[in-house]
Each structure stands twice: as structure tokens, then as C-alpha cells.
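So you can see what is in the structure, the chains are spelled out below.
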Amino acid sequence: EETAVVIVGAGVSGLTLATFLRTSGVACVVLERIDRAHVEVRQRAGVVDARAVRMFEQWGLADKLLAGPLAQTIDYRVNGVGRIFETIEDDGSPGRFCTQQMLVNNLVRELIDVMAGDVRFSVTDVSIQNDEDRRPRVSYSDAAGSHELVCDYIVGCDAEHGVSRASIPDGVLTRYSHDFGYAWLAALVEAPVTGHPIMGVSDHGFVAQLPRGPQRSRYYLQCALSDGPADWPDTRIWDEVRLRLGDNTIENAVVHDKDFVPMRSVVYAPMQYRNLFLVGDAAHLLPPTGAKGMNLALYDVDVLARALVHAVRDHDRAALDAYSSTVLPHIWKYQEFSAWMTDTMHDAGDPTQNGTFRQMAARARLDNLFDSPTAARLHSEYQRGLNQCRR
Ligand code: RFL
């Protein structure tokens with residue numbers, strides 16, 4: 001069986017890329033190891049930033065895929081005292097409130113049910129052959145047996161532990177990484193954000209509350225790298241939320257799930273090898289502090305989709321060959337923003353981690369967002385993702 005592009009992974013990147021290619025008349029097949037129902041229930045990111053909204057608008061898909069406009073405010077709270085940062089929006093449309101789950105569901109419906117796109121769920125043993133002197137091949141198995149797809153290009157949208165990056169020989173990629181030395185407990189709870197989204201600095205460690213739909217929110221609590229579910233019964237989560245937000249009126253609510261996320265930043269470069277291209281979490285990871293992981297994945301998709309359309313439809317490989325060098329400068333900016341947010345939020349908090357000097361300096365950095373229009377403007381550009389696309 002032949003197709004132009006094989007995409008490994010039907011997460012937010014794989015589905016968006018397939019939708020863009022299908023919109024442009026480029027044939028592609030998506031291979032996903034889990035089933036459709038499971039893909040549709042995963043809950044992660046909450047915000048599609050303004051750059052990504054503009055991208056969906058340019059592809060003519062924003063109204064089909066995204067929900068309404070987002071109130072761009074953050075309550076930066078220090079030991080219980082809040083200050084509301086309002087994102088400066090003087091250069092275009094706002095971001096949209098749209099959880100990753102909502103976007104993925106809309107993509108699945110649009111791509112499969114409306115556009116009749118070819119997404120093969122529940123496949124196993126995906127294996128990539130990306131040799132120098134013949135067309136790429138991807139083999140996989142399903143209930144009917146084993147199959148091989150011959151194609152022109154393979155795109156790895158299969159995240160950190162997928163097969164795509166692992167198929168690249170040792171020595172081709174450089175791995176740049178930084179471990180922050182602590183983790184976040186991510187708890188999805190049955191209690192909405194009632195005021196503004198909160199990023200909470202506290203002497204007892206970081207806490208955030210971010211909206212995840214009309215009834216739910218996500219609490220993040222800084223914790224030790226070695227912590228697991230046994231260390232964090234639900235009662236401790238609520239005690240720590242009250243303590244770190246300095247708010248005794250918060251009541252316990254149902255905790256739907258708990259994830260432990262080690263805080264780290266990773267970039268693999270280059271993001272391509274022969275006819276294989278890496279996108280999203282397969283190529284880079286960010287700490288969730290800046291809320292940029294999904295948005296960065298969508299940025300890669302935008303650049304690669306245009307390059308693949310040129311290569312397949314117009315037989316011009318120039319943009320494809322330049323993919324990695326085009327996206328990496330932007331990726332490093334998102335990495336810098338996420339590391340800045342992470343260091344600032346944590347250094348400003350628990351002084352036993354990095355000392356009181358770093359605590360006071362980080363609090364001054366936070367003050368800048370409210371005292372300096374220049375600092376506020378840069379912060380807003382990063383929040384909106386717009387400083388990423390001027391090159
Ligand atoms: P995904 O969404 O993980 O999709 C990868 C897909 O590949 C499949 N797969 C395979 N398929 C076939 N064969 C194989 N061998 C395969 N191996 C894997 C998987 O089943 C899956 O369906 O990666 P993608 O598309 O690159 O998208 C990246 C984003 O999902 C990720 O960056 C964000 O979720 C990060 N993130 C956030 N990003 C934001 O922009 N804002 C946020 O607020 C935000 N919050 C978060 C987050 C990530 C979190 N976790 C998972 C640590 C909060 C959390 C808790």
C-alpha cells in the first residue's frame with residue numbers, strides 16, 4: 001500500500017498535521033497505538049495561544065475546532081496576596097479557551113467523520129525504515145495481520161517514548177536538557193476556577209489553579225521528584241492548596257486523577273533525518289509552567305505542513321530541508337520563556353530550595369510585570385506566542 005505521508009501518533013500534533021494535509025489534498029495515513037475512545041478522553045493542556053489561533057484561522061479551521069475567546073488574565077499570588085496580570089492584546093485576536101481534549105475531539109470528528117481521513121487506531125509494532133536509497137516504509141500490525149506502507153515522508157508525532165525518534169541512529173541527534181530538581185503533582189479536580197487562573201508563589205512551595213472546562217480545574221503543586229500517589233492522599237492535596245494559597249475557605253472536592261510530572265526541559269536537534277521529521281513532544285519537552293507544550297507542537301505542525309505540501313504537491317523540497325533550522329530558534333524561545341516562568345515561580349517561593357537571595361530577586365522579577373510596561377509587554381508577547389513568528 002502506498003501513500004505520500006505516514007504520521008505516527010494521533011495526539012494533538014498528528015491529528016492537526018493530518019487535518020492540514022487533508023485540507024491541502026495531500027494523502028496521508030495516521031497510525032496510533034491506542035483506541036479512539038482513549039485518545040478522546042486524555043486531558044492535558046488548557047489554552048490555545050493567540051499564535052496558534054491565528055494558524056487555525058489561516059487554515060480556515062478555527063471556528064470548526066476552537067471554542068470562544070479567552071480572558072487573558074493571571075492572578076500572580078504571593079503568600080495569598082493576589083495581583084491580576086492582564087495580557088496586553090494590542091496586536092491581534094486573543095487566544096481561545098480550548099482544552100487539549102476538546103481540540104483533539106474536534107480534530108477527530110473533523111478529520112475522520114467529516115473529511116474521511118485515514119486514521120488507524122489500536123495498531124501495534126510500528127516500525128520505521130528510513131534508508132538512504134529507497135522509499136521510506138512503515139510496517140505495523142493490527143487484528144487483521146501485519147502491513148507495510150510505502151511513502152515519501154514519515155512524520156514522528158509519537159511523543160517522548162515513541163518509535164520515531166528511537167529509529168534514528170545514535171550520534172545523529174544532540175540532546176539538550178535541563179532538570180529543575182523537583183516535580184509537580186497535577187491534580188484534575190471537580191471544582192471550577194471561580195476568579196482568574198492562579199499562579200501561586202508561597203513559602204510552602206508553588207501552587208497553581210487553571211481552568212479545565214466549566215466544572216473542573218487543574219491544581220499543580222510543587223513536590224519532591226521522588227513523590228508518588230502514596231505521599232499525596234486527597235486530604236493532603238486540599239490541605240496544601242489551602243496553605244499555599246493562604247485561603248482557608250477552599251473546600252475539598254473530588255480529585256479525578258493525579259499525575260506526577262518531573263520538571264524538565266529537553267530539545268533534540270536536528271528534528272529531521274533523511275525523510276523522517278519529528279514534531280511536538282517527540283522532539284522537545286517543556287515544563288508545564290508556561291503552558292506552551294501543545295502550542296509549540298502546533299507551531300511545528302504549521303511549518304511542517306506547509307513544507308510537506310510544497311514537497312508533495314509542487315515537488316519543491318527546499319522548505320522541508322530547512323524544517324529543523326526554521327523551527328529551532330522558536331523552540332528555544334519557548335524553552336527560555338518556560339524556564340523563566342519555572343525558575344521565577346519556584347525561586348520566589350520556598351526559600352529552602354534556592355535560598356533567600358534568589359527568593360527576593362525572583363519576587364522583584366514578578367514585580368516588574370506590574371511595574372514596568374516593557375516587562376509586561378514582553379511577558380504578554382510570550383503568553384500570546386506572537387513574538388515567535390516575526391522572522
Ligand atoms: P501526544 O499528545 O502525547 O500524542 C502522541 C501520540 O502518539 C501515540 N504513540 C504511538 N502511536 C503509534 N505507535 C507508537 N509506537 C506510539 N507511541 C506513542 C500516543 O498514544 C499518542 O496518542 O504528543 P504531541 O502530539 O506531540 O502533543 C504534545 C502535547 O500533548 C503536550 O506537549 C502537551 O500536553 C503538554 N502540556 C501542556 N501544553 C500546553 O500547551 N499547555 C498546557 O497547559 C499543558 N499542560 C501538558 C500539560 C502536559 C502534561 N503532561 C502529560 C505531562 C499538563 C500535563 C500534566
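Residues numbered from 1 in each chain as written. Predicted model: local features only at pLDDT ≥ 70, side-chain atom pairs only at ≥ 80, totals over all residues.

**Student:** Residue-level account of the nonpolar core, with values.
**Tutor:** A general tendency of soluble globular proteins is for nonpolar side chains to be buried together. Formed by 101 residues in total, the largest nonpolar core has its most connected members in Leu17, Val279, Leu304 and Leu308. The element best represented in this core is helix 7 (residues 293-314), accounting for 13 residues. Once residues within four sequence positions are removed from consideration, Leu304 is found in contact with Leu17, Val155, Phe277, Val279 and Tyr323. (Core = buried A, V, L, I, M, F, W, Y, C linked by C-beta atoms within 7 Å. Buried ≥ 20, exposed ≤ 12 C-beta atoms within 10 Å, placed from the backbone. Helix = DSSP H or I, 4+ residues; strand = E, 2+ residues; numbered from the N terminus. Contact = placed C-beta atoms within 7 Å.)

**Student:** I'd like to hear about helix 12 (residues 373-384), residue by residue, with values.
**Tutor:** The end-to-end C-alpha distance of helix 12, which contains twelve residues, comes to 16 Å, matching closely the 16 Å that a straight helix rising 1.5 Å per residue would cover. For helix 12, the full list of buried residues reads His379, Ser380, Glu381, Tyr382, Gln383 and Arg384. Each element contacted by the buried residues of helix 12 is listed here: helix 3 (50-58), helix 9 (323-347) and helix 11 (356-371). Just downstream of helix 12, Gly385 is the residue with a positive phi angle, here 80 degrees. (Expected span 1.5 Å × (residues − 1).)

**Student:** Give a detailed account of the environment of Gln100, specifying residues and quantitative values.
**Tutor:** Along the chain, the position of Gln100 falls in helix 5 (residues 100-114). Expressed as a C-alpha distance, the spacing of Gln100 and Leu173, which sit 73 residues apart in the sequence, is 29 Å. Leave out the neighbours within four places in its chain, and Gln100 touches Val12, Arg44, Ala45 and Met294.

**Student:** Please give an account of the site of the ligand that cites residues and values.
**Tutor:** As a structural note, the neighbourhood of the ligand is formed by 36 residues, with Gly9, Gly11, Ala45, Gly280 and Gly293 the closest of them. Elements supplying a minimum of two residues to the shell around the ligand: helix 1 (12-23), strand 16 (255-269) and helix 7. Considering each element in turn, the shell around the ligand owes the most residues, four residues, to helix 7. Looking at the shell around the ligand, its residues break down into 19 nonpolar, ten polar and seven charged. (Near = placed C-beta within 6 Å. Nonpolar A, V, L, I, M, F, W, Y, C, P; charged D, E, K, R; others polar.)

**Student:** Quick rundown of the sheet that holds strand 13 (residues 198-201)? Include the residues and the values.
**Tutor:** Strand order in the open sheet made by the eight strands is 5-4-13-14-15-12-16-19, with mixed pairing throughout. Of all the strands in the sheet, just strand 5 (81-86) and strand 19 (284-285) have a single pairing partner and so form its edges. Contacts from helix 6 (residues 234-245) reach strand 4 (73-78), strand 12 (174-189), strand 13, strand 14 (207-211), strand 15 (217-223) and strand 16 within the one sheet, and its direction differs from that of strand 15 by about 85 degrees. (Pairing = 2+ DSSP bridges. Axes fitted to C-alpha atoms, helices over the stretch in contact; angles between N-to-C directions.)

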